[in-house]
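Tertiary structure, described
Residue strings, one per chain:
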Amino acid sequence: MNIVSLENVSKNYGFKPLFESVTLGLEDRDKIGIIGANGSGKSTLLKIIAGVEVPDTGRVVRAKGQTLAYLSQNPAYDPDLTVLETIFASSSGVMQTIRDYEAVCHDVAAGNHDAATLERMSDLQHELEMSGGWEIETNARAVLSKLEITDTAAKMGTLSGGQRKRVALAHELIFKPDILILDEPTNHLDADTIEWLEAYLARYTGMLLLVTHDRYFLDRVTDRIFEVDRGTVQNFSGNYAYYLEKKAEQETLREVEGHKREQLIKKELAWLRRGAKARTRKSKHRIEAAHSLMAVPKEQAKGEVDIAIGSKRLGSKVIEINNISKSYGETKLIDGLTYLLKRDDRIGIIGANGSGKTTLLDMLTSRIQPDSGEIEIGQTVHIGYYDQESRALNDEQRVIDYIRDVAEYVTTNEGVQITAGKMLERFLFAPAAQYAVIGNLSGGERRRLYLLRILMGSPNVLLLDEPTNDLDIPTLIALEEYLDDFAGALIVVSHDRYFLDRTIENVFRFEPGGHVREFAGDYSAYLEAIERERSAPSTASGNDRVRTASDSDRVPQIPEKPKSKKLSFKETRELEALELSIADAETRLPEIEKELTLAASDAGKVHELFTEQQKLTAKLKIDMARWAELAERAEETK
């Protein structure tokens, strides 16, 4: 049953139409993800459905009696209210009772055991029982715990932006509306909390509508995708993986149809050019049809970010971290960290909020100094630091001037020099938009511009602090492809599991007490290692700490590698079979690419080849990982 309907909805901002004549129906148990490029209108569409903004044309109809909650990217707040008052702010009597009950519980936990307080607690417990509020209260405690909201007496004005976003998210989840609308809910959440939120929303029984860049989250939570693209909103009845499959089929068919149209236009042009005498013998209808065909504008190409910037040469010495420590007050963030960064390192840093991840990056760039120890930077190192706050952005500056401050010309990875303006066009800033002031850009456009400025410096060591916040999926894909060929060292702080899986080869986890542990492999490999530890806790050796000083002598130690066990006969045969399988896959994949091109007009064949390609690519990744493991052991035991 439709509980929200959009009828002929359009929205424009000045000269820029976001979407036109959108008609959609949203059902009561839909879980919908909205995707599209930055500036395409995703957040605006959410606001219109939530009733926060009014469309220029058309209307939004919502079924009567349906409650709605909307979480914006930057939720409004009253700085004088406490966290508790904000979370349970509602006209609902039950919510007010829960707020009062939580406040009394806080007082009792703080040591207030007088008779009046205990009697008030008893009365509120009775009210919750009579109103059926215990289920909501239990849910509230679970939500607050998982979102790590502990100090409910703190004033909202004293919180960071990330903490305020968590409080706002807690309010919407506890409220349990019929319609839940979330704009970038995973921003400011760590990976563990995101996994919990995934499971929570999977159990949610109302209608869910969200915008997120987290592709794993999108794939696991949603069952419909709305794509906002070039003024239209297209509906895909499946999750993100389904969308990718159908989108690939669409693009192939569009290519085929475009080729057919070009051929037809050539034939019609040849016919028309035979001259007036020849055309008099042709039907008037065909002449009009030919003119109509040529008058149809070509489909506008979909804008794609092109990151083709080279990097400076990097010498053998990159960054040496020698026994550094850092504390704030009683909180020790980093305790005796020692690490030698190599030029081909791909490191992902994870950990709870406030555990010291950004602090390490700030120390590597000399924004702050360690309390002890030292950091040595190689002479050929050029660091590009993409920080969370985009601190280098100047809202008063024009876009083109902001980029020209770094370089008037940039050399691409193909050795070609292009102007700053042309580079901006490759990052989807049209010539007219380049003379706008930065303060007028959307959040995603600002982050894309900031990314371009960092890369314009041609760095050979990249530090990326939460790069996926506010960047759209097409830009993330382009960034991932750029990093595939990046000739330098990479350190990424991120909660985006998909991005980590695509870009890193080692995980550093920041733990309480300033300890840092190293795990080989991408984020999925890290999860497998953690799962093995949980299932066999007694076997955990603790030798995967990242070369930190020991608690006893504070001397940097390099963990001793366990001796490799010689390959068995069966493993030797497996290694030989893997080499053959990998060779076959690497031969077959280019063949599939050629066959896809030749079979472009056969949708069935395209689907069959695409499926084979996906399965073969996945198998190749698994085979390569296993081959690397066996080959390393074989080499070490020679």
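Attention in this report is confined to the structure presented alongside it. (Residues numbered from 1 in each chain as written. Predicted model: local features only at pLDDT ≥ 70, side-chain atom pairs only at ≥ 80, totals over all residues. Heavy atoms only, no water.)

Some thoughts on the overall build of the protein
Looking only at helices and strands, the protein has 20 helices and 20 strands in total. The long-range share in the protein, meaning contacts at least 24 apart out of those at least 6 apart in sequence, stands at 68%. If you sum the accessible surface of the protein, you get close to 32400 Å²; carbon and sulfur atoms cover 51% of it. (Helix = DSSP H or I, 4+ residues; strand = E, 2+ residues; numbered from the N terminus. Contact = heavy atoms within 4.5 Å. Areas by Shrake-Rupley, 256 points an atom, 1.4 Å probe, with all protein chains shown as cover.)

Re empty space enclosed by the protein
This structure, assessed with the given rule, holds two cavities of 30 Å³ or more. Counted as a void, the largest cavity has a volume near 80 Å³. Along its surface, the largest cavity is lined by Ile321, Leu337, Tyr339, Leu341, Ile347, Ile349, Leu360, Leu364, Ile491 and Phe508. For the lining of the largest cavity, the elements supplying multiple residues, two or more each, are strand S11 (331-341), strand S12 (346-351) and helix H12 (357-364). Per element, the largest residue contribution to the lining of the largest cavity is three residues, and it comes from S11. Tallied by class, the residues present in the lining of the largest cavity amount to 10 nonpolar, no polar and no charged. Here the second largest cavity is characterised by a volume of approximately 60 Å³. In this structure, the second largest cavity is lined by Ile34, Ile35, Gly36, Lys42, Glu184, Val211, Thr212, His213, Leu471, Asp472 and Ile473. With three residues, strand S3 (residues 31-36) is the single largest residue contributor to the lining of the second largest cavity. When grouped by side-chain class, the residues that make up the lining of the second largest cavity number five nonpolar, three polar and three charged. (1 Å grid on protein atoms, 1.4 Å probe; cavity = no way out; pocket = protein on both sides within 12 Å on 5 of 7 lines; lining within 4 Å. Points joined across faces, edges and corners; volume = space filled by probe spheres on them. Nonpolar A, V, L, I, M, F, W, Y, C, P; charged D, E, K, R; others polar.)

Remarks on the sheet that holds strand S13 (residues 372-377)
Backbone-to-backbone hydrogen bonds pair the strands of a sheet. The strands run either parallel or antiparallel. The sheet built from three strands is open, its strands ordered S11-S10-S13 with antiparallel pairing. Strand pairing shows two members of the sheet lacking a second neighbour, S11 and S13, which therefore form its edges. Recorded for the sheet is a direction-independent mean angle of 20° between the axes of neighbouring strands. Sheet analysis places strand S10 (residues 319-328) next to S11, joined by seven bridges and oriented antiparallel. Across the sheet, Glu320 pairs through a bridge with Leu340, a residue of S11. Contacts from H12 reach S10, S11 and S13, with the element oriented near 130° to S10. (Pairing = 2+ DSSP bridges. Axes fitted to C-alpha atoms, helices over the stretch in contact; angles between N-to-C directions.)

Notes on the environment of Gln125
If you trace the backbone, Gln125 turns up in helix H4 (residues 115-131). By relative accessible area, Gln125 is classed as partly exposed at 28%. Separated by 24 residues in sequence, Gln125 and Tyr101 have C-alpha atoms that sit 7.4 Å apart. When neighbours within four sequence positions are excluded, Gln125 is seen to be in contact with Tyr101 and Trp134. Side chain to side chain, Gln125 and Tyr101 meet in a polar contact 3.4 Å long. (Buried < 20%, exposed > 50% of the residue type's maximum accessible area, 1.4 Å probe, protein only. Polar contact = N/O pair within 3.5 Å; in protein donor to acceptor, adjacent residues only side chain to side chain.)

Quick word on the pattern of salt bridges
All chains considered together, the criterion is met by 28 salt bridges. For Asp214, the salt bridge is made with Arg497, and the minimal N-O distance between the two is 3.4 Å. Here the residue Asp214 occupies a position in the loop between strand S7 (207-211) and helix H8 (215-221), and Arg497 occupies one in helix H17 (residues 497-503), the gap between them amounting to 283 residues. Classification of Asp214 by relative accessible area gives buried; the value is 0%. One salt bridge in this structure joins Asp387 and Arg367, with 3.1 Å as the shortest N-O distance. Of this pair, Asp387 sits in the loop between strand S14 (383-386) and helix H13 (399-404) while Arg367 sits in the loop between H12 and S13, placing them 20 residues apart in sequence. By relative accessible area, which is 40% here, Arg367 ends up partly exposed. (Salt bridge = Lys/Arg side-chain N within 4 Å of Asp/Glu carboxyl O.)

Regarding the side chain of Thr97
Of note, Thr97 is situated in helix H3 (residues 93-109). The buried category is assigned to Thr97, whose relative accessible area is 11%. In contact with Thr97, other than residues within four places in its own chain, are Leu124, Glu127 and Leu128.

Description of the packing of helix H5 (residues 134-146) against helix H7 (residues 191-203)
Look at H5 against H7: their axes get within 10 Å of each other, and the N-to-C directions meet at 150°. Overall, the two elements H5 and H7 adopt an arrangement that is roughly antiparallel. Contacts between H5 and H7 involve Asn139, Val143 and Lys146 on the former and, on the latter, Thr193, Trp196 and Tyr200. (Parallel < 35°, antiparallel > 145°, perpendicular 65-115°, else oblique.)

Points about the nonpolar core
Of all hydrophobic cores here, the largest spans 49 residues; its most connected members are Ile87, Leu173, Ile174 and Leu201. With residues near it in sequence (within four places) discarded, Ile87 still touches Met95, Leu144, Ile149, Val167, Ala170, His171 and Ile174. In terms of nonpolar packing, the next biggest core, distinct from the first, is built from 48 residues, Tyr402, Ile454, Leu476 and Tyr482 among them. (Core = buried A, V, L, I, M, F, W, Y, C linked by side-chain atoms within 4.5 Å.)

Section: the sheet that holds strand S18 (residues 489-493)
The six strands lie next to each other as S14-S17-S18-S12-S19-S20, forming an open sheet whose pairing is mixed. Strands at the two margins of the open sheet, each flanked by one partner only, are S14 and strand S20 (516-520). Across the sheet, the axes of successive neighbouring strands diverge by a mean angle of 15°, strand direction being ignored. Bridge analysis of S14 against strand S17 (residues 461-465) gives four bridges, and the strand direction is parallel. By the bridge assignment for S17, Tyr385 is matched with Leu463. Its contacts with the sheet put H12 on S12, S14, S17, S18 and strand S19 (506-510), and the angle it makes with S17 is roughly 150°. On the sheet, helix H15 (residues 443-456) packs against S14 and S17 and is oriented at approximately 170° with respect to S14.

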